[in-house]
Structure formats: structure tokens, C-alpha cells
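# Working through the structure, step by step
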Amino acid sequence: MIGGGLSGSEAAWQVAHRGVPVVLHEMRPVRSTPVHKTAEFAELVCSNSFRSDDALGSAIGLLHAEMRRLGSLVMRAADDHKLPAGGALAVDRDGFSAAITAILESELLIEIRREEILEPAAEWDSVIVATGPLTSPGLADAIQRLTGEAALAFFDAIAPIVHRDSIDFNIAWFQSRYDKAGPGGSGADYINCPLTQEQYYAFVDVLLAGDKIAFRDFEKDTPYFDGCLPVEVMAERGRETLRHGPMKPFGLTDAHRPGAKPYAVVQLRQDNKLGTLFNMVGFQTKLKHAEQVRIFRTIPGLAQAEFARLGGLHRNTFLNSPKILDETLRLKSNPRLRFAGQITGCEGYVESAAIGLLAGRAAAAERLGERPSMPPPTTAHGALIGHITGGHIETIDSGARSFQPMNVNFGLFPPLGSRTARGAQKPALCARALADLDAWIGATVSDAAE
Ligand SMILES: Cc1cc2nc3c(=O)[nH]c(=O)nc-3n(C[C@H](O)[C@H](O)[C@H](O)COP(=O)(O)OP(=O)(O)OC[C@H]3O[C@@H](n4cnc5c(N)ncnc54)[C@H](O)[C@@H]3O)c2cc1C
């Protein structure tokens, strides 16, 4: 186990819990990252919130509930150290990390080594790499060599992702530029939102005036990658720049008003295989989150937009997982290596711990001669695994790779088969998830017993 953060701590616990010995290598305090401050396992580097704990109304609350059912160490410590925070699960960060450290240190099957790993030793035959968004540079180089140069990214350049069912199709329409089908496309693969000249200039003005987030000190030297300039930086280069870049209107005809040529168009591209989520093409941004909601809802067709995630640009380290990892998180080209946590392309403390939980269970099952299995895609765990190892669709354009880290959200779940009223959908998705998780737990227990 390399890395004792949220994911590595949970994974090590899950492996030991199945009776399999594990060596946990953590570089702190010998060497730290630019954001960690202690030598404790599972340190929370920023907020102390695990977000909503509502298991019947929020995807993250559902993930909490599933993790509790799967015997999660991180959730046990969070529940033992929770603080009053309304419907959210907030924790006393020191008590939380100290509890996890004490449990891992007292577990006889876990051997802790405080050292930086620069490369997984050739004789290690079952390794979980969980070194997180700030993986040390030496190990990042080794991972890059082992996975192929294009497989590791060092910057999130994220455009907002919108729930398709919140887009107004009285204004927007489906069409690919010049109706080109492209490989795997239909000729109508993008959702288009048209702007008149007046609307376009008004949009550029609010974009320029919007409140932005500054880079942190350790991020300042990281250059923009893949030509991923923030949309507001493009707007600063001239009032017409955007309509010759991501907002160009050429090759598109407004399906609702074929005679009126839009002056600019915002395009959204399908982001998951289910077709429930669409990303705003070229709209990576450093605007503050509330500003993004306010400003992007001024785009015609997006007035009621619900965002599965908002845009951002920050230092991260993550794999092109849908391409290079198998369904149990092993590197296809070198299956002795398994990855867990934020480096796989999930985002957030809880999601990272959840992926650690699954990686730990899978590694232990393999060691015990069992067939590792993952929870069904209707569960929050399965939905996250789907995003990481298969649910995302590659961009139909050439250019920058499109896989980006994501928090758990209902857009990653297969839609309900029946016609369920809008207000009843989230509870129904959660109830289905918990029932399917219980059935899966039952099946894995009887598999292991055979
Ligand atoms: C600045 C910043 C702020 C964030 N704020 C939030 C937030 O408010 N809420 C939220 O949910 N998420 C936040 N995140 C994301 C958060 O980091 C992850 O959600 C979570 O910590 C990831 O868990 P992990 O186990 O993958 O990585 P980490 O928790 O970072 O753990 C990785 C561990 O690996 C160790 N390590 C690294 N390289 C090596 C090596 N070569 N050898 C041995 N050990 C190594 C590190 O010391 C660390 O302990 C933030 C991230 C950053 C960078």
C-alpha cells in the first residue's frame, strides 16, 4: 500500500480486515506535500466536511450509507468524531485522523513504514498506489513511465457539467457542427445554446467582471496544459475571441429559428455513456462556484441549469483511468499494480475513501484466491467505479483528453426504468442503490464461503 491518506488508510484497513497482511508506506513526516501539515493518516487537507449525510436525498449521503454497510474505517472514525453541522457530516479533523492513526498502528496485520516510495519494487506482486492529488514528483515520474506518458495529468482543467434534463430544449437543440457524424457520432451529438450579438456582448461583460479564485502558491508555476485556457482569460484577450474559439457559431443552424443566424453558440458535449450529463465545451474556468452558476445561467437554454459539477483549474495528479485501468482498478498493462483514491479520477475525501475501500477488498479477495467483484452500477460505489473505469465517453473531437475527476452525483447512476415523478426520483434511486448493495454484499459473502 503506497500512501496513507483517505484512500490508502481505508484500503489498508479493508485488506487487514480480511486477514491479509499489508505493508503501508507513507512518506510523511519524512517528506510532506505542499498541503499536508501533520504526520497522521487520513489527514483532511482543507475543509472538515464530508458533505450531506442525507442517504435518501443526496448521492454523497448515499455513499456514506453504503460505506457504513461495507464496514468502512473512515466512516466509523467520522461518526465517532462528528460535530454539529445541520444535515452535513462535519468532523473534528484532529480527533478523526488521530483515531484512524491509532487503529492502523494497533492492527497486527498492518506494518507501517514511514518512507517515500520512488518506484514500486519489482518483487512486490500486489501493490495499491493511493498517493493522491499531490503524489510526490519522483513517484509520479515512475507512474508516468509505467502507464505511458499521456496517462497522467497534473492539472484539472474542468468545464462545468450540466444535467441534460435541466436544459431548455425550447431554446437549445442537438446538432454537430456541419452535421459531421465523426467516429461514433450521429451528426447531432452536441447540445447548442444560441446567443444574439447583444446577448453575446452582455455575456462577455459579466464574464470579465466575475469573481475569480486565485491560484495557490504551489500552483503558480504549473502552466496551462492542453491549450486549456480559462474561458475568462480568453475573454480578456478581446471581445471577439470567444466567438472564434469555444463559442464559434459556424456550421450550426438554430433548429427553432432556422432563418436567424446565432452570433455565438455555447456547445455541450455528452460526458457519460448514459447520456445524462453534458459538459460545456471549452468552458474551463477559475470563476468562483456561485459566480459560475449565476453567469452560466444567463446563457439562453441554461436558465434552469443544474450543475453536476462546476468548473475549476487546480493542481492534481490523475490517470486516464477509463483507458488504462480494468474494472477492478488494476493497470491493464501491469496488473500487479492497482490504483485507489483521487489519482484514479474521483474527487473528494469520501469518494477517495470509497474507492480505497473497493481497491482493498479487491486486492484481499485476489490474495485469498477469490474472484474480486465490484458493486452493481446502480449503487453509489458502482456509479463511481463506472465513471472511473468505463462510464465516461472519449471526446468525439481530437485534441485534449476529456476524462476529468468527479464527485459522486446522480447523473452517474443509470436512470430509473419506470416513470417516476421528479421529486420522487432521488429517494427512489437511493432505495434502489441500498437494496442492490445489500444483495451484492450477500452474494459476495456466499461467494467467499464457497
Ligand atoms: C489543496 C487541496 C484542497 C482540497 N480540499 C478538499 C476539500 O475541502 N474537501 C474534499 O473532499 N477534498 C479536498 N481535496 C481533495 C482531497 O485531497 C482528496 O479528496 C483526498 O484527500 C484524496 O485522498 P487520497 O487518499 O487519494 O489522497 P491523500 O489524502 O492526499 O493521500 C495521499 C497520501 O500519499 C502520500 N504520498 C504521496 N506520495 C507518496 C510517495 N511517493 N510515497 C509514500 N507516500 C506518498 C501523501 O503523503 C498522502 O498522505 C483537496 C485537495 C487539495 C490538493
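The structure contained in this document is the topic of the report that follows. Small disclaimer: the values here were computed from a predicted structure and weren't measured. (Residues numbered from 1 in each chain as written. Predicted model: local features only at pLDDT ≥ 70, side-chain atom pairs only at ≥ 80, totals over all residues. Heavy atoms only, no water.)

## Considering the sheet that holds strand β4 (residues 88-91)
- Strand order in this open sheet of three strands is β2-β4-β3, and the pairing throughout is antiparallel. On the outer flanks of this sheet lie β2 (49-52) and β3 (82-83), each paired with one strand and no other.
- With two bridges connecting them, β2 and β4 associate as antiparallel partners. Across the sheet, Ser-52 pairs through a bridge with Ala-88, a residue of β4.
- Sitting on the sheet, helix α3 (residues 73-80) touches β2, β3 and β4, and the angle it makes with β4 is about 85 degrees. (Pairing = 2+ DSSP bridges. Helix = DSSP H or I, 4+ residues; strand = E, 2+ residues; numbered from the N terminus. Contact = heavy atoms within 4.5 Å. Axes fitted to C-alpha atoms, helices over the stretch in contact; angles between N-to-C directions.)

## Re the pattern of salt bridges
- Counting across every chain of the model gives 19 salt bridges.
- In this structure, Glu-116 and Arg-31 form a salt bridge, with 3.5 Å as the shortest nitrogen-oxygen distance. A residue pair is termed long-range when its members are at least 10 positions apart, and Glu-116 in the loop between β5 (110-114) and β6 (127-129) and Arg-31 in the loop between β1 (22-26) and β2 qualify at 85 residues.
- Under the relative-accessibility criterion, Glu-116 is labelled partly exposed at 25%.
- When its relative accessible area of 36% is taken as the criterion, Arg-31 is described as partly exposed.
- Notably, a salt bridge pairs Arg-367 with Asp-125, separated by 3.0 Å at the nearest N-O pair. Of the two residues, Arg-367 sits in helix α10 (residues 349-367) while Asp-125 sits in the loop between β5 and β6, which places them 242 residues apart along the sequence.
- Judged by relative accessible area, Asp-125 falls into the partly exposed class, the value being 49%.
- One network of salt bridges, with partners in common, ties together Asp-326, Arg-330, Arg-338 and Glu-366. (Salt bridge = Lys/Arg side-chain N within 4 Å of Asp/Glu carboxyl O. Buried < 20%, exposed > 50% of the residue type's maximum accessible area, 1.4 Å probe, protein only.)

## Section: the site of the ligand
- Taken together, 33 residues lie around the ligand, and Ser-7, Glu-26, Ser-136, Gly-348 and Tyr-349 are the ones closest in.
- Met-27 has a polar backbone atom sitting 3.2 Å from a nitrogen atom of the ligand.
- At a separation of 2.9 Å, an oxygen atom of the ligand approaches a polar side-chain atom of Arg-28.
- The protein chains hide 92% of the 980 Å² of surface that the ligand would expose on its own. (Near = heavy atom within 4 Å. Polar contact = N/O pair within 3.5 Å; in protein donor to acceptor, adjacent residues only side chain to side chain. Areas by Shrake-Rupley, 256 points an atom, 1.4 Å probe, with all protein chains shown as cover.)

## Details of the state of the cysteines
- Per the stated rule, a full pass over the model turns up zero disulfides.
- Not part of a disulfide, Cys-430 finds its nearest cysteine sulfur in Cys-346, a span of 19 Å.
- A relative accessible area of 0% means that Cys-430 is categorised as buried. (Disulfide = S-S within 2.5 Å.)

## Focus: the packing of α3 against helix α4 (residues 93-106)
- Between α3 and α4, whose axes approach to 9 Å, the crossing angle comes to 135 degrees. When the interaxial angle is binned, α3 and α4 end up oblique. Viewed along their axes, α3 and α4 form a crossing whose handedness is right-handed. Contact with α3, carried on its side by Leu-73, Val-74, Arg-76, Ala-77 and Ala-78, involves Phe-96, Ala-99, Ile-100, Ile-103 and Leu-104 of α4 and no other residues of that element. (Parallel < 35°, antiparallel > 145°, perpendicular 65-115°, else oblique. Left-handed = near helix turned anticlockwise from the far one by under 90°.)

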